[in-house]
Amino acid sequence: MRIFISLISGLLFGGGLFISGMTDTAKVQGWLDVFGNWDPTLAFVMGGAIIPMFFAWQFTKGRHPLVGGDFPAPPRTEIDHRLVIGSVLFGMGWGLAGLCPGPAIASITYNGMGGVIFMVSMLAGMLAAPAVGRGLDRAATAA
Amino acid sequence: METDWIWGLVGGLLIGTGGAVYLLGNGRIMGASGIVGGLVDGSGWSTLWERVAFLAGVVIMPLILWPLYSVKIDTHLTDKMWVIIVAGLLVGVGTRIANGCTSGHGVCGISRLSMRGIIATVFYILAGGLMLALFRHVLGLI
């Protein structure tokens, strides 16, 4: 059941990324490029995605997931160096290539050799992340 | 071009519905970087098959929709290899250290008014915008 639900969710997510144009790096960079020919599409995608999710979160109150167990705990509140530095590093890469993890996966079959190299680099970065994170923790403690 | 925002909205609603199915069904937050990252570093191997099923869905749906489009789909990905490699590394490291990307922190976090999700989104958008301004308009490298 969990596997079936995951597949349905993935199909919706991949279809949404494709239809919205978010696998087109020009549209993503067009939104980030406030000094160029600004493209508002990404704001509509974000807004559109937040609407069903908002209602879904409301619906979780006092209920349990379909497969049983519990819904995620209330969000953590601490704003630490990992959240800020990690997001800045992610944003730098996102701006450079116009790809974030979801669209990179969705477009893997039609993004050419560049898409494959991006994916391999991203996975390598993910593999290195625990060590980089520990380095950041040491720097933060020393500071 | 004039209809791009409509497709953006429709696609966004689908993305959010995918997140809602994942949350209400499995009780988990649909974050692309977390689902992949858990497979890469081994932290998510206990839920291996649901992660694989999700990723398979993400890859398959564009292939199903592809034939419906008469125009050629162009992703406009740069052909500068150093940009692709540096960007990939930054996206991989950053999303795992921050514990989320555009889907987890952005879509799922903001929709529950998570302060961490909102702060993360502000920082990655600012960093992305500044990086693009610097490398495109100041240095002219991308």
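What counts and what doesn't
Residues numbered from 1 in each chain as written. Chains lettered and ligands numbered in written order. Predicted model: local features only at pLDDT ≥ 70, side-chain atom pairs only at ≥ 80, totals over all residues. Heavy atoms only, no water. UniProt positions renumbered as here; feature names shortened; annotations may be inferred. Helix = DSSP H or I, 4+ residues; strand = E, 2+ residues; numbered from the N terminus. Core = buried A, V, L, I, M, F, W, Y, C linked by side-chain atoms within 4.5 Å. Buried < 20%, exposed > 50% of the residue type's maximum accessible area, 1.4 Å probe, protein only. Contact = heavy atoms within 4.5 Å. Axes fitted to C-alpha atoms, helices over the stretch in contact; angles between N-to-C directions. Parallel < 35°, antiparallel > 145°, perpendicular 65-115°, else oblique. Left-handed = near helix turned anticlockwise from the far one by under 90°. Nonpolar A, V, L, I, M, F, W, Y, C, P; charged D, E, K, R; others polar. Buried area = accessible area lost by both parts, 1.4 Å probe. Salt bridge = Lys/Arg side-chain N within 4 Å of Asp/Glu carboxyl O. Polar contact = N/O pair within 3.5 Å; in protein donor to acceptor, adjacent residues only side chain to side chain. Patch = residues over 30% accessible without salt bridge, like charges linked within 9 Å, V, L, I, M, F, W, Y side chains within 5 Å. Areas by Shrake-Rupley, 256 points an atom, 1.4 Å probe, with all protein chains shown as cover.

**Details of the UniProt feature "transmembrane region" (unreviewed entry) in chain A**
Residues and elements named next belong to chain A.
Reasoning step 1: Per the UniProt annotation, the sites labelled "transmembrane region" (unreviewed entry) are residues 41-59, 83-106 and 112-132.
Reasoning step 2: This span, residues 41-59, is 100% helix and 0% strand, and a straight line between its end C-alpha atoms measures 28 Å.
Reasoning step 3: From the first C-alpha to the last, residues 83-106 spans 25 Å; its make-up is 88% helix and 0% strand.

**Quick notes on the nonpolar core**
One broad trend across soluble globular proteins is that nonpolar side chains are buried collectively.
Reasoning step 1: One finds A:F13, A:W94, A:F118 and B:F54 to be the most contacted residues of the largest nonpolar core, which totals 53 residues.
Reasoning step 2: In terms of residue count, helix α3 (residues 41-60) of chain A provides more of this core than any other element does, seven residues in total.
Reasoning step 3: The contacts of A:W94, once residues within four sequence positions are left out, are A:V28, A:L32, A:L42, A:L99, A:C100, B:V91, B:T102, B:Y124 and B:I125.

**A short note on the packing of helix α4 (residues 81-97) of chain A against helix α6 (residues 115-138) of chain B**
What describes two packed helices is the angle between their axes and the distance between those same axes.
Reasoning step 1: Look at α4(A) against α6(B): their axes get within 7 Å of each other, and the N-to-C directions meet at 40 degrees. Considered as vectors, α4(A) and α6(B) are oriented oblique to each other. Between α4(A) and α6(B) lies a crossing whose hand is right-handed. In this structure, α4(A) uses A:L83, A:V84, A:S87, A:V88, A:F90, A:G91, A:M92, A:W94, A:G95 and A:L96 to contact α6(B), whose residues at the interface are B:R116, B:I119, B:A120, B:F123, B:Y124, B:I125, B:A127, B:G128, B:M131, B:L132 and B:F135.
Reasoning step 2: Here the contact of α4(A) with α6(B) is composed, by residue class, of 16 nonpolar, four polar and one charged.

**Here's the deal with the interface of chain B and chain A**
Reasoning step 1: At the interface, 97 residues of chain B touch 98 residues of chain A.
Reasoning step 2: Across the chain B to chain A interface the summed buried area is about 8900 Å²; carbon plus sulfur atoms make up 78%.
Reasoning step 3: Ranking the residues of chain B by area buried against chain A places B:I97, B:R112 and B:R116 at the top, with a combined share of 9%.
Reasoning step 4: Run the count over chain B and chain A and you get four salt bridges.
Reasoning step 5: B:D4 is the partner of A:K27 in a salt bridge, and the nearest nitrogen-oxygen pair spans 2.6 Å.
Reasoning step 6: Summed over the shared surface of chain B and chain A, the number is 24 residue pairs in polar contact (both at pLDDT 80 or more).

**Some remarks on the side chain of A:T60**
Reasoning step 1: Its place among the elements puts A:T60 in helix α3.
Reasoning step 2: The residues touching A:T60, leaving out its near neighbours within four places in the chain, are A:F71, B:L23 and B:L24.

**Description of the environment of B:W49**
Residue and element names in this part refer to chain B.
Reasoning step 1: Here W49 lies in helix α3 (residues 48-65).
Reasoning step 2: According to the relative accessible area criterion, W49 is exposed, its value standing at 57%.
Reasoning step 3: A sequence separation of 27 residues divides W49 from H76, and the C-alpha atoms of the two residues are 32 Å apart.

**Some points on the pattern of salt bridges**
Reasoning step 1: Inspection of the entire model under this criterion finds nine salt bridges over all chains.
Reasoning step 2: The residue B:D41 makes a salt bridge to B:R96 at a minimum N-O spacing of 2.8 Å. Of this pair, B:D41 sits in the loop between α2 (32-40) and α3 while B:R96 is found in helix α4 (residues 81-98), placing the two residues 55 residues apart along the sequence.
Reasoning step 3: With relative accessibility at 32%, the residue B:D41 sits in the partly exposed group.
Reasoning step 4: The buried category is assigned to B:R96, whose relative accessible area is 17%.
Reasoning step 5: A network of salt bridges, in which partner residues are shared, links A:R2, B:R28 and B:E50.

**With respect to helix α5 (residues 102-110) of chain B**
Reasoning step 1: Within α5(B), eight of the nine residues are buried, leaving the element largely enclosed by the surrounding structure.
Reasoning step 2: Turning to α5(B), its buried residues number three or more, namely B:T102, B:S103, B:G104, B:H105, B:G106, B:V107, B:C108 and B:G109.
Reasoning step 3: Among the structural elements, α1 (2-20), α3 and α4 of chain A together with α2, α4 and α6 of chain B are those in contact with the buried residues of α5(B).

**Thoughts on a nonpolar patch on the surface**
Residues and elements named next belong to chain B.
Reasoning step 1: Taken together, the side chains of W82, V86, L134, V138, L139 and L141 present a nonpolar region at the surface, about 530 Å² in accessible area.
Reasoning step 2: Where the nonpolar patch is concerned, the elements lending two or more residues are α4 and α6.
Reasoning step 3: Locating W82 in the fold gives a position in helix α4.

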